[in-house]
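For reference, the chains in residue letters:
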Amino acid sequence: NSSNNTRITAPVDGYYQVIGHIVDPLDTAGSYGISLRKNGDVTLKTETVSWCNCATYYGHDITDLVFLNQNDYLEMVVTTNTARKATLSMYLIGK
C-alpha cells in the first residue's frame, strides 16, 4: 500500500512469509507492543518488547507464516511512546 507501509494486501491465494520490522530510538527506557492482524480484526501474533536508555537505536522483527486468500490484508500495529520507523513485507512461498 503506497500510503501505509504497515499494511499489505494479498494478490493471490497462498502461504506467505510475513516480516514486520520496527526501529525505535533508545533515548529513554520504555516498551512497545507489536501485533500482526488479518483483515483488521484477527490478531495472528503479538509481542511486547522493553528496552533501556542506551542512546542508540533498537530494531525488532516479528514474523509469521500465514495462509491468505486473495484480497485478505495484513497490518502491523505498533503501540509505543516514541517515534519509530515501521515496515511490513510479505513473500508468497506456496499455494
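Provided above is the structure to which this section pertains.
What counts, and at which threshold
- Residues numbered from 1 in each chain as written.
- Predicted model: local features only at pLDDT ≥ 70, side-chain atom pairs only at ≥ 80, totals over all residues.
- Heavy atoms only, no water.
- Helix = DSSP H or I, 4+ residues; strand = E, 2+ residues; numbered from the N terminus.
- Buried < 20%, exposed > 50% of the residue type's maximum accessible area, 1.4 Å probe, protein only.
- Polar contact = N/O pair within 3.5 Å; in protein donor to acceptor, adjacent residues only side chain to side chain.
- Contact = heavy atoms within 4.5 Å.
- Salt bridge = Lys/Arg side-chain N within 4 Å of Asp/Glu carboxyl O.

1. Remarks on the side chain of Ser35
At step 1: Within the fold, Ser35 resides in strand E3 (residues 30-38).
At step 2: According to the relative accessible area criterion, Ser35 is buried, its value standing at 11%.
At step 3: Here Thr46 takes part through its side chain, which lies 3.1 Å from a polar atom of the side chain of Ser35.
At step 4: Leaving out residues up to four positions away in the same chain, Ser35 has contacts with Thr43, Lys45, Thr46, Glu75, Met76 and Val77.

2. Some details on the pattern of salt bridges
At step 1: According to the stated counting rule, one finds one salt bridge in the structure shown.
At step 2: Residue Asp72 is joined to Lys38 by a salt bridge in which the shortest nitrogen-to-oxygen separation is 3.8 Å. Of this pair, Asp72 sits in the loop between strand E5 (57-68) and strand E6 (73-79) while Lys38 sits in strand E3; the two residues are 34 residues apart in sequence, bridging distant segments of the chain.
At step 3: On the basis of relative accessibility, which here comes to 11%, the residue Asp72 falls in the buried class.

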